[in-house]
Amino acid sequence: MAAIVQIRIPQNDGPSADEKERQLLANLAALPSVIVALSGGADSAYLAWATQKALGDRALSVTALSPSYSKHDRDIVEDFVRAQNIHHEFVETHEMENPAYRANAADRCFHCKDELFSTLDTIALKRGFNATAYGVNADDTLDFRPGHRAAKEHRVLAPLLDVGLRKSEIRALSQRANLPTWNRPASACLASRVPYGTEVTPERLDLIEQGEAVLRDLGFQQFRVRLHDKLARVEIAPEEMPRAFAREMAAEISARLKAVGFAYVALDLEGYRQGSLNEVLQHSAPDAASDSASNQT
């Protein structure tokens, strides 16, 4: 793809996490007002908390609802903003109406983020907010991401990246602030479980959501249900795999996933890893492989 954007980590590795947080709060306080894209993950939750702390009512956190956003994630956001008294709203986005998004090529994330940021731009314009921001961090600079290209095109601020905050630092600062999201496992939209080239549909997303609800109910913490037609390829974090492979548990996983609509169930021997659906792109054009890295998490 053309016009791929690579974001780079600032070269000032010297400041401590505390110093970075102080600079972050100062930078945010200098803004007239801002809308924060809040997905509910550790990064966006910390940014929403920091922005509220710095700006008060001049900050608004917004969460986009669509078929690719799970009820579990919505519940987490609702609990979080209530507990932290964060000025927040849910809005609907309509990326499913875009044929380029549904086609699920390697740039799917661009179309999703383009829809999100367009929606936030509209809110900002109508209600007088001066800027929008999202929770990209310094560790996200290690690859190419179409979503970042959308952010650049919409001139979305990246406050965590600007001060060089890394994921581990964000988790530590979140824990100190007693944010419940500090140790939340890595998350991503439900569409990231659908292999490239397979159309993204509400029905497929619903099946994936039901499958992951089963694993959550069984007590697993870090996992993915990757959809391959009617086969569920289940990835479990390496440290949880012995429990998943126990005969009774494996039988329970299989039975319950078949009950929600899967015809076949397979436990991936390599376990959970970010971007496993990108592996098929390694033999395709280099730009496509780089462009898609980490969108399938």
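Just above, that's the structure.
Residues numbered from 1 in each chain as written. Predicted model: local features only at pLDDT ≥ 70, side-chain atom pairs only at ≥ 80, totals over all residues. Heavy atoms only, no water.

S.K.: I'm lost on the pairing of strand 1 (residues 34-37) in this one. Help?
M.R.: Consecutive residues of a regular strand have side chains that alternate between opposite faces of the sheet. Residues Val34 and Val36 line one face of strand 1 and the alternating positions Ile35 and Ala37 line the opposite face, and both faces are buried. With helix 2 (residues 42-55) bridging strand 1 and its parallel neighbour strand 2 (residues 59-65), the resulting β-α-β unit is right-handed. Bridge count for strand 1 against strand 4 (residues 132-133) is two bridges, and the pairing is parallel. In the sheet register, Ile35 faces strand 4, and the bridge partner there is Thr132. (Buried < 20%, exposed > 50% of the residue type's maximum accessible area, 1.4 Å probe, protein only. Helix = DSSP H or I, 4+ residues; strand = E, 2+ residues; numbered from the N terminus. Right-handed = clockwise from strand over helix to strand, strands pointing away. Pairing = 2+ DSSP bridges.)

S.K.: Is there a simple way to explain the sheet that holds strand 1 in this structure?
M.R.: In a beta sheet, neighbouring strands are held together by backbone hydrogen bonds and run either parallel or antiparallel to one another. Across the sheet, which stays open at both edges, the four strands sit in the order 3-2-1-4 with parallel pairing between neighbours. Looking along the sheet, the strands with just one partner apiece sit at the ends: strand 3 (88-92) and strand 4. Bridge count between strand 1 and strand 2: four bridges; the pairing is parallel. Counted as the bridge partner of Ile35 is Leu60 from strand 2. Packed onto the sheet, helix 2 meets strand 1, strand 2 and strand 4 and runs at close to 160° relative to strand 1. (Contact = heavy atoms within 4.5 Å. Axes fitted to C-alpha atoms, helices over the stretch in contact; angles between N-to-C directions.)

S.K.: In this structure, what is going on with the packing of aromatic side chains? I would like to understand it.
M.R.: How two aromatic rings sit relative to each other is set out by the distance from centre to centre and by the angle between their planes. Using the criterion set out here, one finds two aromatic pairs in the structure. A ring pair is formed by Phe117 and Tyr134, whose centres lie 5.6 Å apart and whose planes are at 80°; its orientation type is edge-to-face. Taken as a pair, Phe117 in helix 5 (residues 108-127) and Tyr134 in the loop between strand 4 and helix 6 (146-153) lie far apart in primary sequence, 17 residues in all. Comparing Phe117 with Tyr134 shows no difference in burial state: the two are buried. Stacked on the ring of Phe110, the Lys or Arg Arg149 has its end atom at 4.1 Å from the ring centre. (Phe/Tyr/Trp six-rings, centres within 6.5 Å; stacked < 30°, edge-to-face > 60°. Lys NZ or Arg CZ within 6 Å of the ring centre and 35° of its normal.)

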